[in-house]
Amino acid sequence: MILLLGGTGYVGEAFQRELQGRGLSFRNLRRAEADYGQFSVLLGCLRRLNPTFVVNCAGYTGKPNVDACEQAKADTLVGNTLLPQTIAHACAAAGVPWGHVSSGCIYSGAKIVGADGVVRVEKDMTRPEMRALAETHPERIVGFTEEDTPNFSFRDGPCSFYSGTKALGEEAVAGIGTSYVWRLRIPFDEIDGPRNYLSKVQRYAKVYDNLNSISHRADFAKACVDLWLMDAPTGIYNVTNPGWVTTRRVVERIEGILKPSRRFEFWESDEEFYRVAAKTPRSNCVMDSSKLLAAGVKIRSVDEALDGALRNWVVQGA
Ligand SMILES: NC(=O)c1ccc[n+]([C@@H]2O[C@H](COP(=O)([O-])OP(=O)(O)OC[C@H]3O[C@@H](n4cnc5c(N)ncnc54)[C@H](OP(=O)(O)O)[C@@H]3O)[C@@H](O)[C@H]2O)c1
């Protein structure tokens, strides 16, 4: 039996569907039933329920966006740093392996392969030279690997408070027990809703253009469960659909496939975006998912996953 923490959340729902689809038995433990953020409570549950694996999809995400975390710093720290550390210690004490849903938002920018083959980090992909490179030499823009130290964190700022606590969460669980750390990045899928990136893009008054790796929600949950079932080495994995997209490309695909009646407008500049629409810095980054692929996990490319979601678009209640 698999124990799911945070299973009723946006990411947790995808794990529930994935486990159900595979016929794997699981138990979704809710804080209302047992305050699993308390070490003794969680350890008691682990001893009583005796799971073979624990999936942690619990955490604190600001709603409607990360700006909300700046107003709820204690909750953000508790949910994203202290909770994973407690789970790590309880799982280690009970001898249960586990997987933690982390985030790619602990990075900013991408890695650029120079004409001379030298690779360097570029934190700001909105610079005109970088936008031009994305058009002319997209193959020279590569992602951060699991070996790269987070560069959008409290240790290497500026960062949002949310991202800082996610990076600290990874540090807090390192070396304790046996665990996977699965980095999710900007979840999307075919189901219209306030948490879906593709819905958000359609609802913004103006769209912010940048480069990002993104994760199809069901592909993410499937890949995470695959890693465990195939007994892949534990450790950190970037679990994004391979590749990256610009927000302009996402908008083009929305226009091409969903044919909305509205016209999309973009923020003129970072300056305008941060002055008018955003309070805390946003992570925009490219992730390298080659470790996931090398482990034997099959996952659609970002273009396939994006087009698949838009071609199967479902508006609930419509
Ligand atoms: N959504 C994203 O854009 C995104 C992107 C990258 C990474 N992530 C990560 O994915 C994980 C799940 O995110 P989500 O979007 O599914 O969040 P969500 O919809 O808000 O669900 C999170 C669940 O976590 C549980 N929880 C336990 N302790 C909590 C605490 N201290 N504060 C708040 N919730 C707590 C709650 O379930 P119960 O009360 O029922 O136990 C809650 O329903 C988080 O770690 C998040 O950082 C999310």
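Calculation criteria
Residues numbered from 1 in each chain as written. Predicted model: local features only at pLDDT ≥ 70, side-chain atom pairs only at ≥ 80, totals over all residues. Helix = DSSP H or I, 4+ residues; strand = E, 2+ residues; numbered from the N terminus. Rg over C-alpha atoms; globule rule 2.2 N^0.38 Å. Buried ≥ 20, exposed ≤ 12 C-beta atoms within 10 Å, placed from the backbone. Contact = placed C-beta atoms within 7 Å. Near = placed C-beta within 6 Å. Nonpolar A, V, L, I, M, F, W, Y, C, P; charged D, E, K, R; others polar. Pairing = 2+ DSSP bridges. Axes fitted to C-alpha atoms, helices over the stretch in contact; angles between N-to-C directions.

> Account for the overall build of the protein, naming residues and giving values.
On a plain count of helices and strands, the protein comes out with 12 helices and 13 strands. For the protein, the C-alpha radius of gyration of 19 Å lies close to 20 Å, the compact-globule estimate for 318 residues. Each of the 318 residues in the protein was classed as buried or not, and the buried ones make up 41%. Of the contacts made within the protein by residues no fewer than 6 positions apart, 81% connect residues no fewer than 24 positions apart.

> Kindly report on the site of the ligand, identifying the contributing residues and their values.
Surveying the vicinity of the ligand reveals 25 residues, the closest of which are Gly6, Gly9, Ala58, Gly59 and Gly79. Among the elements that make up the shell around the ligand, the one with the highest residue count is helix α4 (residues 73–94) (5 residues). Here the shell around the ligand is composed, by residue class, of 10 nonpolar, 10 polar and 5 charged.

> Could you give an account of the sheet that holds strand β8 (residues 179–184), with specific residues and numbers?
The strand order β2-β1-β3-β4-β8-β12 describes an open sheet built from 6 strands, whose pairing is parallel. Whereas interior strands pair on both sides, the edge strands pair on one side only; in this sheet they are β2 (26–29) and β12 (235–238). When strand polarity is set aside, the average angle formed by the axes of neighbouring strands in this sheet is 20°. Against the sheet, α4 contacts β1 (2–5), β3 (53–56), β4 (98–103) and β8, and its axis sits at roughly 180° relative to β3. This element, helix α8 (residues 217–229), spans β3, β4, β8 and β12 of the sheet and lies at about 160° to β8.

These results come straight from atomic positions and should not be treated as a statement about function.
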